[in-house]
Amino acid sequence: TSRTHVRLVLKPRARPLHAFRTRVELVSALRDIVKIQQTAVEERGILHRDCSVNNAMIEDDGNGTNGLLIDWEFA
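Let me begin by describing the structure that accompanies this report.

Conventions we followed
Residues numbered from 1 in each chain as written. Predicted model: local features only at pLDDT ≥ 70, side-chain atom pairs only at ≥ 80, totals over all residues. Heavy atoms only, no water. Pairing = 2+ DSSP bridges. Helix = DSSP H or I, 4+ residues; strand = E, 2+ residues; numbered from the N terminus. Axes fitted to C-alpha atoms, helices over the stretch in contact; angles between N-to-C directions. Contact = heavy atoms within 4.5 Å. Core = buried A, V, L, I, M, F, W, Y, C linked by side-chain atoms within 4.5 Å. Buried < 20%, exposed > 50% of the residue type's maximum accessible area, 1.4 Å probe, protein only.

### Re the sheet that holds strand β2 (residues 56–60)
Piece 1. The antiparallel open sheet is built from three strands, whose spatial order is β1-β2-β3. Lying at the two open borders of the sheet, with one neighbouring strand each, are β1 (14–16) and β3 (65–69). For this sheet, the mean angle separating the axes of adjacent strands, direction not counted, is 35°.
Piece 2. Sheet contacts for helix α1 (residues 23–44): β1, β2 and β3; angle to β3, the most-contacted strand, approximately 45°.

### Some points on the nonpolar core
Piece 1. In this structure, L17, A29, I33, A56, I58 and L69 together form the largest nonpolar core, which totals six residues.
Piece 2. Those elements giving two or more residues to this core turn out to be α1 and β2.
Piece 3. With residues up to four places along the chain from it excluded, the contact list for L17 reads L26, A29, L30, A56, M57 and I58.

Structure (structure tokens):
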């Protein structure tokens, strides 16, 4: 199937995984990233193929933080 996703970011939405503030935040972000990859594989059959520290981010959404996996173009 053909997939296209485009996002224009005008201001930073997330920070690199290595910029975690607490151990709990790091572990929580890693858990979120594993769940994201698991969901992508189980529900869509998509494997990220470049899941690295450079593509793992921590997003501050105002209600806490979430792990985020970016750069899906090679999936």
